[in-house]
Structures are given as structure tokens and as C-alpha cells.
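Next come the chains, spelled out residue by residue.
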Amino acid sequence: MNIMIRRPAANSAPSQDAAPQFIHLRVHSAYSLLEGALPIGKLAKLAVGNHAPAMALTDRNNLFGALEFSNKLSGEGVQPIAGITLTVDFEDNRNDTGHPAAAPSGLGRLPSLALLAMSEAGYACLMKLSSQAFFDPTETETAHVKFSRLEEFNDGLIALTGGPDGPVDSLLADGNDAQATARLDKLKAVFGDRLYMELQRHGTVDERRLEPKLLELAYERDVPLVATNQCYFATSSDHEAHDALLCIAEGRYVVEDDRRQVTREHNLKSESDMVGLFADLPEALENTVEIAQRCHYRPLGRPPILPQFVSAGDNASAEEQIAVEAEELSRQAREGLEKRLAELPLAPGFERKD
């Protein structure tokens, strides 16, 4: 479904002809369970209030909110982009047991990528990957997919490198530049011109330290830059409440330092705030708009698609098909009852006619 990027009508909005300068591509709703704190209804209101022409939802390892997000944002004149934050095992950092090596302290997870659906085929791949993230791991492992799944299901998908939690940044932070480069090459081999190097500026020491390396690597490997902001809550004043949510998720206390924490800057910033934050990298801002323009599909509701267990014929009407299936169900039920009555005794006080 093609959707033009436009600004929702509002008295205080800029001109309808004003070109967007930044699109949020890393928004987490409350469906990022015990991680995001933004109900989708509130996201729709915030998008309209910020005059956002488009927005991408990238909940962690699930698409629970994709249809609701699609309906509510499109209903407000905002282009919804279906996405996911997917945990990926690159299978290049394994311990002696053959299992993934422990993640950095406080994170407790493998690296993750952001994937955005460009088309219906891309959304089908998102659904497959989100399902396999829970089917593939053993019962003692957290949700994730192996890199081979990305090689299998990537048609119609745009990939962002994941920021500080991503497969490239995490290795650069450990000083493993060669392996980080190898991972980027693997991603580019799969996604080609659908891969973007993600830059985030939440004010952390690691972000500032790693950005020059990320820029050098992106230019060296010809991977376009994109500016993102991981949005977990609405405003900076929500930070304390969100911090408590993360503690609940991990069974920790707010006074502990060696746990997962995010900054006050992990809020849903305005377009002007993001433009100011990345004023020195206009290409990274422009690419957020380019990505939104490449993602022309949104999920739509549809009636349940059920198989035909019995066919009433090629020319049968819907009513005739239903009648044939109902009769088959009745026949099988009667046969099953006869079998049960032949094998099992009746309950005390009951006769066969009952």
C-alpha cells in the first residue's frame, strides 16, 4: 500500500508543503514488554502533536502492536512504518560449550538490529523472523534468531545496525574492530543498499567515543548513515518511572549501578530537537526521510483465512460451502461419539439415549 508522507492538519503545524527533515525510526511502545512505556494511543497523539509525517515502530522481538499502530497512526494522517528490534546471534562469538558467550554486564542479551518493512514481502519476513525468534531458541535461551535466518528472510526489509546495542557498536566498544568490520560486511552482503549505519546521540560516553569509528567504517564500506533516537518514553520527566520499569523487568533495585539503564534522552524528541542534535551530519537526517519513503507498506486487517476441510465444488456459493463443512463436522462428531461409547462405560445414572 503506497502512502505519501504528509503532515497532519493542525492550526499550529508548519506549512503542508514543508519538507520533513527527520523521521523517528526507533520507537518502542508498551508492547516492548517491560521495556517500552508508550501506549500506542499515546504515540498517535504525540505524532500528531509533533507534526510527524511518519513514524516507525520497532518493538523488541515482536509485532504485537503492529496492526494497532498501523490503524491508529494512519487514522491520524501519519504514515506508520512496521518494524522490529530483533535479537540476532551472529554465531561468531561462542564459548567452549557452543553457546553464545555472555553479553556485556547489565545488558544480558545478544546484539540486536532494527528491521523495517518496505513492502508486503518485507512484512511477511518480519512475521516469520519474529515467530522464529521464539521457536528457534531452547527453553533456557532468550528470544533470538541466528544470522542464517536473516539470510533466509530479508526480502523487502531495510536494516539499521542497531546503535549501542547493535552487533557492530558492541564489538567496537570492546576494541574488536576487525570482528566489527566482519559483521558489517556480513550484513551488507545480505542487505546491500538496504543497510544503514545507525548513529545515536543520547549523551553517553560510549556513543561519543565510538562515533568517529562508526563514521570511518561507514564511509570505508560505503554504508549510508542514519540518525536515530531510541524512544522508550514520552518526555524526560518520565525517566524515573521508566527506570523503575527496567528494574522490575530484571528484578533489580534502583540503587544498584550494575544494571541496565537508559538516559533522560531516550524520549520521543521533536523534529527540531533531532535536527539540532545532528546538524553536523545532515545526510544522517536526510536518510531518515529516505527510509520512510522507501517503506510504502502498512499492515491491514483482514478476516481470518481458514482452510477448506471439505470442498463443495468449484461453483459452490459461500453458504453451500459452509453447509458442507458443517455436515462433515457433524458426521465426524457422531462417529467419534459412537467410538467413545463402544470403548468407555457410561457414567453412573446415564443411559445410551442420554
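This one's a predicted model, so the numbers in the text were calculated from it and none came from an experiment. (Residues numbered from 1 in each chain as written. Predicted model: local features only at pLDDT ≥ 70, side-chain atom pairs only at ≥ 80, totals over all residues. Heavy atoms only, no water.)

A. Spatial organisation of the overall build of the protein chain. Within the protein chain, the secondary structure is distributed over 11 helices and 8 strands. Its C-alpha atoms give the protein chain principal-axis dimensions of roughly 85 × 60 × 40 Å. A buried classification covers 46% of the 354 residues belonging to the protein chain. (Helix = DSSP H or I, 4+ residues; strand = E, 2+ residues; numbered from the N terminus. Buried < 20%, exposed > 50% of the residue type's maximum accessible area, 1.4 Å probe, protein only.)

B. A look at the pattern of salt bridges. One pass over the full model with this rule turns up 24 salt bridges. Between Glu 240 and Arg 264 there is a salt bridge, and its shortest N-O distance comes to 2.2 Å. Taken together, the residues Glu 240 in helix α8 (residues 239–250) and Arg 264 in the loop between α8 and α9 (271–277) connect sequence positions 24 residues apart. Since its relative accessible area comes to 38%, Arg 264 is described here as partly exposed. The partner of Asp 243 in a salt bridge is Arg 259, with the nearest N and O atoms 2.8 Å apart. Placement of the pair is Asp 243 in helix α8 and Arg 259 in the loop between α8 and α9, with a sequence separation of 16 residues. (Salt bridge = Lys/Arg side-chain N within 4 Å of Asp/Glu carboxyl O.)

C. How the structure looks around helix α3 (residues 120–135). Between its first and last C-alpha, α3 extends 23 Å over 16 residues, near the 22 Å set by a 1.5 Å rise per residue. Among the residues of α3, Gly 122, Tyr 123, Cys 125, Leu 126, Leu 129, Ser 130, Gln 132 and Ala 133 are the ones counted as buried. Considering only its buried residues, α3 is in contact with α2 (66–75), β3 (79–89), β4 (112–117), β5 (145–146), α4 (147–152) and β6 (157–160). (Expected span 1.5 Å × (residues − 1). Contact = heavy atoms within 4.5 Å.)

D. Region of the structure containing unusual backbone geometry. The phi dihedral of His 51 falls on the positive side, at around 55°, and the residue is not glycine. Mapped onto the elements of the fold, His 51 is located in the loop between α1 (40–49) and β2 (54–60). With a phi angle near 55°, Asp 222 is a residue other than glycine that sits in the positive phi range. Residue class for Asp 222 comes out exposed when judged on its relative accessible area of 60%.

E. The arrangement of the packing of aromatic side chains in detail. According to the stated counting rule, one finds 2 aromatic pairs in the structure shown. One cation-aromatic arrangement involves Lys 186 over Phe 147; the distance from NZ or CZ to the ring centre is 4.4 Å. (Phe/Tyr/Trp six-rings, centres within 6.5 Å; stacked < 30°, edge-to-face > 60°. Lys NZ or Arg CZ within 6 Å of the ring centre and 35° of its normal.)

F. Broad picture of the packing of helix α6 (residues 177–191) against helix α7 (residues 205–221). Following both chains from N to C, one finds α6 and α7 inclined at 45°, their axes separated by 11 Å at the closest point. Between α6 and α7, the crossing angle belongs to the class labelled oblique. Between α6 and α7 the crossing geometry is right-handed. Mapping the contact onto sequence places Asp 177, Thr 181, Leu 184, Asp 185 and Lys 188 in α6 and Lys 213, Leu 217 and Arg 221 in α7. In terms of residue class, the contact of α6 with α7 is made up of 2 nonpolar, 1 polar and 5 charged. (Axes fitted to C-alpha atoms, helices over the stretch in contact; angles between N-to-C directions. Parallel < 35°, antiparallel > 145°, perpendicular 65-115°, else oblique. Left-handed = near helix turned anticlockwise from the far one by under 90°. Nonpolar A, V, L, I, M, F, W, Y, C, P; charged D, E, K, R; others polar.)

G. Geometry of the packing of α1 against α2. Where α1 meets α2, the closest approach of the two axes is 9 Å, and the angle between their N-to-C directions is 35°. Crossing handedness for the pair α1 and α2: right-handed. Of α2, the residues touching α1 (which contributes Ile 40, Gly 41, Leu 43 and Ala 44) are Glu 68, Phe 69, Lys 72 and Leu 73. Classifying every residue of the contact of α1 with α2 by side-chain character gives 5 nonpolar, 1 polar and 2 charged.

H. Geometry of the side chain of Arg 60. Position of Arg 60 among the secondary structure elements: in strand β2. Residue classification places Arg 60 among the buried residues on the basis of a relative accessible area of 11%. One polar contact links Arg 60 to Glu 35, side chain to side chain, over a distance of 2.8 Å. (Polar contact = N/O pair within 3.5 Å; in protein donor to acceptor, adjacent residues only side chain to side chain.)

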